[in-house]
Amino acid sequence: MRLTVEHMSLSYEGPAGERVTALADVSLALSGGVCGLMGRTGSGKTTLLEVMAGATRPDSGRVRMEGAGGVGLVFQMPERQFFERTVEREITFGLLARGVAADEAHERAARALALMGLTLDELGARSPFSLSGGQQRRVAIASVLALRPGLLLLDEPTAGLDPRARRACLDAVRAAAEDGATVVVASHDANALAEVADRLVVLEDGGVTLDGPARDLLADAPLMRDHGLEPACAARAALALRRAGLAVAGAPLTAEELADAIARGRGSA
Ligand SMILES: Nc1ncnc2c1ncn2[C@@H]1O[C@H](COP(=O)(O)OP(=O)(O)OP(=O)(O)O)[C@@H](O)[C@H]1O
Ligand SMILES: [Mg+2]
């Protein structure tokens, strides 16, 4: 799915009746791949995802979508999207509403939940509101993955997940993009985005201040810090090691790449 956002602006009414800018003239074109969305608290990430999903109307500007598959949004607070009595009904609702037969909906729900490391047998009859925060997040992600949307929007999908669930979530994000979906992941977690994002967009006060290949931006610790963001751990470590006088080659983004960069630095020293 191809998504075009043109000159999107949106402000909310503040407590004293003043206008609070959430988005300021944002233009973006996305077509396939995984786009990471970073920015300080209040920079407009959630608002942008909600506008992309058609859940919030901008004051001006427009969103265009070309291609099949529809839009799936996983909310920052998963409990906000639950409205059914059981986990199974929660995950199958969208499928049944699209005319998918009950048997197939059940199968797809089971598969989507398994991708997130949970089983429908164990959780299917539970109320989604009775689950732990991490289980709720995974059910919310599964309910959107089951729809196989052409545009998949995830707001802080790894927040509060344990390492295995986080791994499952990142793998599912990658798999969706490899199946042809256009994916946007809003996150404060540079390490997670280092693993899945092809492109990175940074918002500041509702405007786009950085937009480029995720690798190049996430590995640039001084640049990330200039924008008030925490760089990926490996990029931070590389910077600290260089400051301590060690030769570190290239721009490592993961622990494995950092080890390799140190080994190569020693080789050339
Ligand atoms: N419903 C609302 N009413 C009033 N102001 C709002 C509302 N939702 C968001 N805002 C304001 O809009 C701005 C952007 O908020 P948004 O939730 O998009 O930020 P964010 O980047 O997602 O932050 P976080 O990292 O904390 O999730 C903030 O100044 C916020 O206070
Ligand atoms: Mg947010």
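Structure: see above.
For the structure given in this document, a descriptive report is provided here.

Quick notes on the rules
- Residues numbered from 1 in each chain as written.
- Chains lettered and ligands numbered in written order.
- Predicted model: local features only at pLDDT ≥ 70, side-chain atom pairs only at ≥ 80, totals over all residues.
- Heavy atoms only, no water.
- Near = heavy atom within 4 Å.
- Polar contact = N/O pair within 3.5 Å; in protein donor to acceptor, adjacent residues only side chain to side chain.
- Areas by Shrake-Rupley, 256 points an atom, 1.4 Å probe, with all protein chains shown as cover.
- Helix = DSSP H or I, 4+ residues; strand = E, 2+ residues; numbered from the N terminus.
- Nonpolar A, V, L, I, M, F, W, Y, C, P; charged D, E, K, R; others polar.
- Buried < 20%, exposed > 50% of the residue type's maximum accessible area, 1.4 Å probe, protein only.
- Pairing = 2+ DSSP bridges.
- Axes fitted to C-alpha atoms, helices over the stretch in contact; angles between N-to-C directions.
- Parallel < 35°, antiparallel > 145°, perpendicular 65-115°, else oblique.
- Left-handed = near helix turned anticlockwise from the far one by under 90°.
- Contact = heavy atoms within 4.5 Å.
- Phe/Tyr/Trp six-rings, centres within 6.5 Å; stacked < 30°, edge-to-face > 60°.
- Donors = N, O, S within 2.8 Å, 3.2 Å for Na, K, Ca; no water.

Observations concerning the site of ligand 1
As a matter of local geometry, ligand 1 sits amid 13 residues, with G42, K45, T46, T47 and H188 nearest to it. In the environment of ligand 1, an oxygen atom lies 2.8 Å from a nitrogen or oxygen atom belonging to the backbone of G42. One of the side-chain N or O atoms of T46 is found 2.8 Å from an oxygen atom in ligand 1. Summarising the interface, the protein chains cover 64% of the accessible area of ligand 1, which totals 630 Å² for the free molecule. In terms of residues, the shell around ligand 1 owes the most to one element, helix α1 (residues 45-52), which gives three residues. Within the shell around ligand 1, the residues separate by chemical class into three nonpolar, eight polar and two charged.

Focus on the pairing of strand β3 (residues 33-38)
In terms of residue burial, β3 counts as a mostly covered element, since five of its six residues are buried. Inspection of the sheet shows β3 paired to strand β7 (residues 182-186) by five bridges, in the parallel sense. By the bridge assignment for β7, G33 is matched with T182. Note: β3 against strand β8 (residues 199-204), four bridges, orientation parallel. Within β8, the position partnered with G36 by the bridge is L200.

Details of the packing of helix α3 (residues 102-115) against helix α5 (residues 133-145)
Viewed as axis vectors pointing N to C, α3 and α5 meet at an angle of 130°, and their least axial separation amounts to 8 Å. By the angle between their axes, α3 is oblique relative to α5. Both α3 and α5 take part in a crossing whose hand is right-handed. Of the residues in α5, those touching α3 at A112, L113 and L115 are V139, A142 and L145. Its residues assigned to classes, the contact of α3 with α5 comprises six nonpolar, no polar and no charged.

Some details on the packing of aromatic side chains
Across all of its chains, the model carries two aromatic pairs by this definition. For the pair F83 and F93, a centre-to-centre distance of 4.9 Å together with 90° between the ring planes defines the contact as edge-to-face. Of the two residues, F83 sits in the loop between β5 (71-74) and α2 (87-97) while F93 sits in helix α2, which places them ten residues apart along the sequence. A relative accessible area of 38% places F93 in the partly exposed class.

A short note on the coordination of the magnesium ion (ligand 2)
Donor atoms from the polypeptide that bind the magnesium ion (ligand 2) are T46 (OG1) and Q76 (OE1), placed at 2.0 to 2.3 Å. Of the two residues, T46 is situated in helix α1 and Q76 in the loop between β5 and α2; the sequence distance between them amounts to 30 residues. For T46, a relative accessible area of 23% puts it in the partly exposed group.

So, the sheet that holds β3
As summarised here, the arrangement of the six strands in space is β5-β6-β7-β3-β8-β9, forming an open sheet in which the pairing is mixed. Looking along the sheet, the strands with just one partner apiece sit at the ends: β5 and β9 (207-213). Neighbouring strand axes in the sheet, compared pairwise and without regard to direction, differ in orientation by 15° on average. As defined by bridge partners, strand β6 (residues 151-155) adjoins β7 across five bridges and the pair is classed as parallel. Counterpart to L153 in the pairing with β7 is V184. Its contacts with the sheet put α1 on β3, β5, β6, β7 and β8, and the angle it makes with β6 is roughly 155°. In the packing of α5 onto the sheet, the strands contacted are β5 and β6, and the crossing angle to β5 comes to about 180°.

A look at the environment of R148
Mapped onto the secondary structure, R148 falls in the loop between α5 and β6. Along the sequence, R148 and A176 sit 28 residues apart, while their C-alpha atoms lie 7.6 Å from each other.

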